[in-house]
Amino acid sequence: MGTLSCAEARDLASDLLDGDLGEDQVALVEAHVAGCATCPNLYLALVAIDNHFRRQRELGPGGSEGIDGDRAPAGP
Ligand SMILES: [Zn+2]
């Protein structure tokens, strides 16, 4: 197994977020991100975007307030 180029890592990162990668590929992406100067920011941005859309999908149309859902008061 070699190391990934930045372009390859970014390609794989979007697949990773879709859950399409095997463990070894995930490890390759994470190893690249950990050792790269520029990819961590891109990777974090991808993760943030993915979380945003994933949450919107769960909430359905009109659920945009879900961005702050994790911090919503639980009660009383
Ligand atoms: Zn990189």
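In the block above lies the structure referred to throughout.
Residues numbered from 1 in each chain as written. Predicted model: local features only at pLDDT ≥ 70, side-chain atom pairs only at ≥ 80, totals over all residues. Heavy atoms only, no water.

Colleague: Explain the packing of helix α2 (residues 23–35) against helix α3 (residues 39–59) to me, and be specific about the residues and the numbers.
Modeller: Contact geometry for α2 and α3: axes closest at 7 Å, N-to-C directions at 125 degrees. One element, α2, and the other, α3, form an angle in the oblique class. Residues Val29, His32 and Val33 of α2 form the contact with α3, whose own contacting residues are Cys39, Pro40 and Tyr43. Per-class residue counts for the contact of α2 with α3 are five nonpolar, one polar and no charged. (Axes fitted to C-alpha atoms, helices over the stretch in contact; angles between N-to-C directions. Helix = DSSP H or I, 4+ residues; strand = E, 2+ residues; numbered from the N terminus. Parallel < 35°, antiparallel > 145°, perpendicular 65-115°, else oblique. Contact = heavy atoms within 4.5 Å. Nonpolar A, V, L, I, M, F, W, Y, C, P; charged D, E, K, R; others polar.)

Colleague: Got a sec to walk through helix α1 (residues 6–17)? Specific residues and values, please.
Modeller: Think of an α-helix as turning once every 3.6 residues; residues three or four places apart then point the same way. Spanning twelve residues, α1 covers 16 Å between terminal C-alpha atoms, matching the ideal 16 Å at 1.5 Å per step. Along α1, the residues that are buried comprise Ala9, Leu12, Ala13, Leu16 and Leu17. Along the axis of α1, the buried positions cluster into a sector of 135 degrees, meaning they face one direction only. Facing away from the buried side of α1, by more than 90 degrees, are the exposed residues Ala7 and Asp11. Buried positions along α1 lie against α2 and α3. Just past α1, the residue glycine 19 takes up positive phi, approximately 80 degrees. (Expected span 1.5 Å × (residues − 1). Buried < 20%, exposed > 50% of the residue type's maximum accessible area, 1.4 Å probe, protein only. Arc of directions from axis to C-beta.)

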